[in-house]
Amino acid sequence: LSCFDITSKISIDLQNPIQQIEKFFIKNPLVKKLLIHNADLIFENKSEDVIFACSNYFKSMFGLSMYSPEYTKIALEKGIKNFQIPCNILDQRWDFFQIKESDVYVEARSVFLQGILLKNNIKLPSLISTDYLKAINKIDNISRKNNLSRLETLISGASKKYINSL
């Protein structure tokens, strides 16, 4: 396994963040990059402790798994240089120019919305079903127009020039 760079996520408990990160580092020596799952902690008083502990144990290979674009500015101000963000053909909320101007490494997640966008004939609650069908029709129309499979369309929708990995 040492030939792989393993990335993992952790939810930080603000009671003892340094000890928690230290324990994680000792128990998981193969993890090369640590992403903090609860990105909202950057608004907390102890965020500097978390950033210090992560940078101490994981050097520059730590970051935030973000769910909301408004965290971007504060994370950049605190010197965080690795982001994992939801990015797919339907979710275009992120200001990639702001992120890339700051020389940040960006990983995309939820490219296929946990596989839902790849499935045909999926049973969803009626409230979601209508929106899902509209989205799938839109994706399929884009695919036909560009002579691509749905998979290729979804990947191209997430692989912007600002994304470093999917």
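My aim in this report is to walk through the structure given alongside it, one point at a time. None of these values were measured; they are calculated from a predicted model.

## Some thoughts on the side chain of Thr153
Argument step 1. With respect to the element layout, Thr153 can be found in helix 6 (residues 150-158).
Argument step 2. Among the polar contacts made by the side chain of Thr153, one reaches the side chain of Ser143 at a distance of 2.6 Å.
Argument step 3. Residue contacts for Thr153: discarding those within four places in its chain leaves Ile89, Ile139, Ile142, Ser143 and Leu148.

## Examining the sheet that holds strand 4 (residues 82-86)
Argument step 1. Strand order in the open sheet formed by five strands is 1-2-3-4-5, and the pairing between neighbours is parallel. Pairing within the sheet leaves two strands with one partner each, and these edge strands are strand 1 (6-10) and strand 5 (105-109). Taking each pair of neighbouring strands and ignoring which way they run, the sheet shows an average axis angle of 30°.
Argument step 2. Note: strand 2 (residues 31-36) against strand 3 (residues 62-65), three bridges, orientation parallel. Paired with Ile36 across the bridge in strand 3 is Leu64.
Argument step 3. Sitting on the sheet, helix 2 (residues 47-58) touches strand 2 and strand 3, and the angle it makes with strand 2 is about 165°.

## A few points about helix 6
Argument step 1. Within helix 6, burial applies to Arg150, Thr153, Leu154, Gly157 and Ala158. Projected down its long axis, helix 6 carries its buried residues within an arc of 125°, all on one side.

## Thoughts on the pattern of salt bridges
Argument step 1. Considering all chains together, one arrives at three salt bridges under this definition.
Argument step 2. A salt bridge links Lys33 to Glu107; the shortest N-O distance between them is 2.7 Å. Of this pair, Lys33 sits in strand 2 while Glu107 sits in strand 5, and the two are 74 residues apart along the sequence.
Argument step 3. Residue Glu107 is classed as buried on the basis of its relative accessible area of 11%.
Argument step 4. Between Lys78 and Glu48 there is a salt bridge; the shortest N-O distance is 3.2 Å. In this pair, Lys78 is assigned in the loop between helix 3 (71-77) and strand 4 and Glu48 in helix 2, connecting sequence segments 30 residues apart.
Argument step 5. Judged by its relative accessible area of 26%, Lys78 falls in the partly exposed class.
Argument step 6. Exposure remark for Glu48: the relative accessible area of 45% places this residue in the partly exposed category.

## What about the nonpolar core?
Argument step 1. Core analysis: the largest hydrophobic core is formed by 34 residues, its most contacted members being Ile21, Phe58, Leu64, Met66, Ile80 and Phe83.
Argument step 2. For this core, the elements supplying multiple residues, two or more each, are helix 1 (17-27), strand 2, helix 2, strand 3, helix 3, strand 4 and strand 5.
Argument step 3. If one sorts the elements of this core by residue count, helix 2 sits on top with six residues.
Argument step 4. Other than its neighbours up to four places away in sequence, Phe83 contacts Leu64, Met66, Thr72, Ala75, Leu76, Ile99, Val104, Tyr105, Val106 and Glu107.
Argument step 5. If you look at the next biggest cluster of nonpolar residues, it comprises six residues, including Ile89, Leu117, Ile139 and Leu154.

Conventions and cut-offs
Residues numbered from 1 in each chain as written. Predicted model: local features only at pLDDT ≥ 70, side-chain atom pairs only at ≥ 80, totals over all residues. Heavy atoms only, no water. Helix = DSSP H or I, 4+ residues; strand = E, 2+ residues; numbered from the N terminus. Polar contact = N/O pair within 3.5 Å; in protein donor to acceptor, adjacent residues only side chain to side chain. Contact = heavy atoms within 4.5 Å. Pairing = 2+ DSSP bridges. Axes fitted to C-alpha atoms, helices over the stretch in contact; angles between N-to-C directions. Buried < 20%, exposed > 50% of the residue type's maximum accessible area, 1.4 Å probe, protein only. Arc of directions from axis to C-beta. Salt bridge = Lys/Arg side-chain N within 4 Å of Asp/Glu carboxyl O. Core = buried A, V, L, I, M, F, W, Y, C linked by side-chain atoms within 4.5 Å.

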